[in-house]
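Spelled out from the first residue to the last, the chains are:
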Amino acid sequence: QTVVTQETSLSVSPGGTVTLTCGLKSGSVSTSHLSTWYQQTPGQVPRTLIYDTNTRSSGVPARFSGSILGNRAALTIVGAQAEDESDYYCALYVGGGVSVFGGGTRLAVL
Amino acid sequence: EVQLVESGGGFVQPGGSLRLSCAASGFTVSSNYMSWVRQAPGKGLEWVAIVYSGPGSTYYADSVRGRFTVSRSTSQNTVYLQLNTLRPDDTAVYYCGRAPHIDHPIDWGQGTLVTVSS
């Protein structure tokens, strides 16, 4: 069973930079995992931020970017704003048509 | 404009069945990768199933394989998720998602709630 790991919680100051990561309990994340990042506020539908590692979804501000950092996928927010306080989820394609979500990171902007 | 509208959720007893529908507009379901993702109350997102474009190969999470079936109708431009042998831990909001040849949803529906309880 594939386990995708994310930080449980992170915080960032308004205007600051924060990097959220997404890894595999066993193995390294690469572009072949097609990492996708979602933002979700309580009670709302998830919003797609980044797909296929580093492609920004339509309408997503440029302060959000995706990459591979070392052996993990990463979502970086440069110039965090109050409205970025949300839950963030990553999804990885793990092969055989199957994908797995990470447990999510709760980001506080304070 | 891409739109996804789920329906079919509701209350069902353990062991029961439901069929969820995801009506699509603004694109053709058979030309896209159509996914189902669920979220239990207060929990994170869980990938459930996908039907690929073209011939429509289907794949499932271990937790639902053998109990859930994803299908699509070209004439109705709709994707379905048949849920059988339901268990209380299947209680969740079920989201339909779409992406052009990417395994993860880019566009999302509003979700439909399934509650499994005796």
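Everything below is about the structure shown above.
About the thresholds
Residues numbered from 1 in each chain as written. Chains lettered and ligands numbered in written order. Predicted model: local features only at pLDDT ≥ 70, side-chain atom pairs only at ≥ 80, totals over all residues. Heavy atoms only, no water. Helix = DSSP H or I, 4+ residues; strand = E, 2+ residues; numbered from the N terminus. Rg over C-alpha atoms; globule rule 2.2 N^0.38 Å. Buried < 20%, exposed > 50% of the residue type's maximum accessible area, 1.4 Å probe, protein only. Core = buried A, V, L, I, M, F, W, Y, C linked by side-chain atoms within 4.5 Å. Pairing = 2+ DSSP bridges. Contact = heavy atoms within 4.5 Å. Buried area = accessible area lost by both parts, 1.4 Å probe. Salt bridge = Lys/Arg side-chain N within 4 Å of Asp/Glu carboxyl O. Polar contact = N/O pair within 3.5 Å; in protein donor to acceptor, adjacent residues only side chain to side chain. Nonpolar A, V, L, I, M, F, W, Y, C, P; charged D, E, K, R; others polar. Axes fitted to C-alpha atoms, helices over the stretch in contact; angles between N-to-C directions.

Chemist: Please clarify how the overall build of chain A should be interpreted in this entry.
Modeler: Helices and strands together make up the secondary structure of chain A, namely zero helices and 11 strands. Starting at the N terminus, the α and β elements of chain A follow one another as β-β-β-β-β-β-β-β-β-β-β. Against the globule reference of 13 Å for 110 residues, chain A gives a C-alpha radius of gyration of 13 Å, in line with a compact fold. The principal-axis extent of the C-alpha atoms belonging to chain A is close to 40 × 30 × 25 Å. For chain A, buried positions account for 50% of its 110 residues.

Chemist: Would you mind showing me how to read the nonpolar core here?
Modeler: Inside soluble globular proteins, nonpolar side chains tend to come together where they are buried. Counting 42 residues, the largest nonpolar core has Phe101 of chain A together with Trp36, Leu81 and Tyr94 of chain B as the members making the most contacts within it. For this core, the element with the most residues is strand β5 (residues 45-51) of chain B, which contributes six residues. Cys22, Tyr88, Leu92 and Val100 of chain A belong to the second largest nonpolar core, which has 22 residues in total.

Chemist: Whenever I open this one, the pairing of strand β7 (residues 64-69) of chain A confuses me. Can you help?
Modeler: Moving residue by residue along a regular strand, the side chains alternate between the two faces of the sheet. All names here are of chain A. In this structure, β7 lies alongside strand β8 (residues 72-78), joined through six bridges in antiparallel fashion. Considered in β8, the bridge of Gly66 is made with Leu75. Adjacent in sequence and paired antiparallel, β7 and β8 are bridged by two residues, among which Gly70 carries a positive phi angle near 65 degrees.

Chemist: Sorry, what's going on with the interface of chain B and chain A here?
Modeler: Reports often express the size of an interface as the amount of accessible area lost when the parts come together. Counting residues at the interface gives 21 residues for chain B, matched by 22 residues for chain A. For the chain B and chain A pair, buried surface summed over both sides reaches about 1700 Å², with 64% attributable to carbon and sulfur atoms. Sorting the residues of chain B by area buried against chain A places Leu45, Trp47 and His104 of chain B first, and these three jointly supply 37% of that buried surface. At the surface where chain B touches chain A, the tally comes to zero salt bridges. The interface formed by chain B and chain A includes nine residue pairs in polar contact (both at pLDDT 80 or more). Considered class by class, the residues forming the side of chain B that touches chain A number 12 nonpolar, five polar and four charged.

Chemist: It is not clear to me how the side chain of Asp87 of chain A should be interpreted in this structure. Could you clarify?
Modeler: Residue and element names in this part refer to chain A. Counting through the fold element by element, Asp87 comes out in strand β9 (residues 86-95). Within the structure, the side chain of Asp87 is placed 2.7 Å from the side chain of Arg106, a separation counted as a polar contact. Discounting residues that sit within four places of it in the chain, Asp87 has contacts with Tyr38, Gln39, Gln40, Thr105 and Arg106.

Chemist: Would you mind going over the sheet that holds β7 of chain A with me for this structure?
Modeler: Through backbone hydrogen bonds, the strands of a sheet pair up, either in parallel or in antiparallel fashion. Residues and elements named next belong to chain A. Pairing within the open sheet is antiparallel, and its four strands lie in the order β1-β3-β8-β7. The sheet terminates laterally at β1 (4-6) and β7, the two strands that pair on one side only. Going from strand to strand, the sheet's axes swing by 20 degrees on average, the running direction of each strand aside.

Chemist: In this structure, what is going on with the sheet that holds strand β7 (residues 68-73) of chain B? I would like to understand it.
Modeler: Residue and element names in this part refer to chain B. Strand order in the open sheet made by the four strands is β1-β3-β8-β7, with antiparallel pairing throughout. In the strand order of this sheet, the two ends are held by β1 (3-7) and β7, each with one partner. Looking at each pair of strands side by side, their axes are set apart by 15 degrees on average, direction ignored. The pairing of β7 with strand β8 (residues 78-83) spans six bridges and is antiparallel. By the bridge assignment, Ser73 is partnered in β8 with Thr78.

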